[in-house]
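Here is what each chain is made of, one letter per residue.
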Amino acid sequence: MKKRLNFYLALAMLATVFACNKNSDEEPQGPMLPDGSELSFMDTATLEEVVKNLVEYIPTWEELERFTDDAIRLPIPQFEKRALAWIEPDGQTNPFQGDHMQNVLNFNQGFIDQFGGNMSSALMAPLPPFFGPNGEENIYPIPLTYLDEKLRAVAVSFLYEKSLGLPVTFVNFYPPHIESEKFASKAAFEQWFEDRFLPEKRAEAAAAEIMKAEKFMPWPLEFELFITDIGGIGDGGFLEGSSADDILDFATDVKNRILAAVKSNYSGRVVAHLFNNYHQRPESHFWDRMTYEGFDEIHFAIFGNFDVEGTLNALDEQLIHYAKIVQNSGDIPWIASEISMFESNIQAGKLNEIEKELYESVFARLETASIPPKGISPAGGYLRTARAREFVRDYFATH
């Protein structure tokens, strides 16, 4: 199984510990109404009440119309600040036991309260339904009929976040424990891509448009890693042994088809989120030849590397290649998202000692980059020390 580096994919693993929700054809569980009343819970409930009731009942799109009909896209802050909802990378920590949806709301709000960000930290992963229609683990891409339930739950959650004045980013990250599809040939990939993947993206884009999500990320992990996975590079797949030009041609075709599918149903900001380790993988420097013209912005991941000096050395090289991609793409804006100092990447036993200095040094270097980012997104849920958390909070307050 390949290691996936998404900043908050761990949340998706939590889904396997929750009970399946009731079908939307059943009567919602909500406040009791006077005898004889023809009003239902969905006729009278506030958006917050609907969110809290999601485990019991996921509304239909028709029932959501009184919320979605008035939905608008919020203005994006000039400098975006978002604390990412990463939790324990091993997926063992479950912050949602008990009153699940109340805890989800508390979890999301906790990042705003603690760090003072101006973008929502809410995600798709912690929302019902948690299992397939027969109680089985979800499969990915999610079948369309079942995906529709998930998208309705996302609409409720994200509309609530937007009611708090927080712009949302829609993304369907696949859980890290799910094995990537294996394709013996390009033809086998094409069948999967056309029959399963693109329909999922079109459905997500249509839902994101209904809820007026401010941003949409259209692939389930950083693009270079996604292409590596589906092409089986290093794993005996149909792209194994291909030249850099052939890999880039394939990646460009996949990227363009995904973008076209999304834009057919969605008019908000489409985000290309990327990561390739240019510092440690000189053989893969060809990825900086890609262009993401047609996208509205790029999100680049940044990770720690052994100590402060090593992290800055790696970052300097990453920024050289990131700048090339931005320029290739028509100088569209970019965000430093995610910025993560994982214990596994730092000198053994040293993370707590240098965590604050790691973030401080990286943030300062980003400010002096040849093309500075228009936003910053540290992995707030993974910050280990009070010193690091206080630094991020103070940085958010002053930028």
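Residues numbered from 1 in each chain as written. Predicted model: local features only at pLDDT ≥ 70, side-chain atom pairs only at ≥ 80, totals over all residues. Heavy atoms only, no water.

**Focus on the overall build of the chain**
Within the chain, the regular secondary structure consists of 12 helices and 7 strands. The buried share of the chain, reckoned over its 399 residues, is 58%. In the chain, the share of contacts with a sequence separation of at least 24, taken over all contacts with a separation of at least 6, comes to 81%. (Helix = DSSP H or I, 4+ residues; strand = E, 2+ residues; numbered from the N terminus. Buried < 20%, exposed > 50% of the residue type's maximum accessible area, 1.4 Å probe, protein only. Contact = heavy atoms within 4.5 Å.)

**Some remarks on the pattern of salt bridges**
Here the structure, examined in full by the defined rule, presents 26 salt bridges. The salt bridge involving Lys52 is made with Glu48; its shortest N-O contact spans 3.1 Å. With Lys52 and Glu48 both in helix α3 (residues 47–52) and 4 residues apart, the pair spans about one turn of that helix. The partly exposed category is assigned to Lys52, whose relative accessible area is 37%. Classification of Glu48 as partly exposed rests on a relative accessible area of 32%. Lys162 is the partner of Glu214 in a salt bridge, and the nearest nitrogen-oxygen pair spans 2.5 Å. (Salt bridge = Lys/Arg side-chain N within 4 Å of Asp/Glu carboxyl O.)

**Let's talk about unusual backbone geometry**
The omega torsion across Pro128 and Pro129 is 0 degrees, close enough to zero to call that bond cis. Within the element layout of this structure, Pro129 appears in the loop between α5 (100–115) and α6 (144–163). Here Ser337 and Glu338 are connected by a cis peptide whose omega angle stands at 5 degrees. Examined against the element boundaries, Glu338 turns out to sit in strand β6 (residues 334–340). Not every positive phi belongs to a glycine, and Lys212 is a case in point at roughly 55 degrees. Within the secondary structure, Lys212 sits in the loop between α7 (186–210) and β3 (215–217). Even without being a glycine, Asp331 presents a positive backbone phi close to 60 degrees.

**Focus: the pairing of strand β4 (residues 269–274)**
On a regular strand, each side chain points to the face opposite its neighbour's, so the side chains alternate between the two faces of the sheet. Among the 6 residues of β4, 5 are classified as buried, and the element is accordingly described as predominantly covered. Both β3 and β4 contribute to a ladder of 2 bridges, which runs parallel. The residue of β4 that forms the bridge with Lys215 is Arg269. (Pairing = 2+ DSSP bridges.)

**Brief notes about the sheet that holds β4**
Spatial ordering of the open sheet is given by β1-β7-β6-β5-β4-β3-β2, a layout of 7 strands whose pairing is parallel. Of all strands in the sheet, those with a lone pairing partner are β1 (80–81) and β2 (169–171), marking the two edges. Summarising the sheet, β6 and strand β7 (residues 375–378) pair through 3 bridges and their orientation is parallel. Within β7, the residue paired with Ala336 across the bridge is Ile376.

**Section: helix α4 (residues 61–68)**
Listing the buried residues of α4 in full gives Trp61, Leu64, Phe67 and Thr68. An end-on view of α4 places all buried positions within 90 degrees of arc, on one side of the element. (Arc of directions from axis to C-beta.)

**Considering the environment of Trp287**
Within the secondary structure, Trp287 sits in the loop between β4 and β5 (297–303). Distance in space between the C-alpha atoms of Trp287 and Tyr322 is 9.8 Å, their sequence separation being 35 residues. If we skip the residues at most four places from it in the chain, Trp287 touches Glu224, Ile227, Ile247, Leu248, Ala251, Asn276, Tyr278 and Ile325.

**Let's talk about the packing of aromatic side chains**
Throughout the structure, instances matching the rule amount to 32 aromatic pairs. Centre to centre, the rings of Phe275 and Phe303 are 4.9 Å apart; their planes meet at 85 degrees, and the pair counts as edge-to-face. Note that Phe275 is positioned in the loop between β4 and β5 and Phe303 in strand β5, a separation of 28 residues in sequence. The pair Phe275 / Phe303 is uniform in exposure class, with both members buried. Residues Phe363 and Tyr395 carry aromatic rings whose centres are separated by 4.8 Å and whose planes lie at 65 degrees to one another, so their mutual orientation is edge-to-face. In this pair, Phe363 sits in helix α11 (residues 351–367) while Tyr395 sits in helix α12 (residues 386–398), placing the two residues 32 residues apart along the sequence. (Phe/Tyr/Trp six-rings, centres within 6.5 Å; stacked < 30°, edge-to-face > 60°.)

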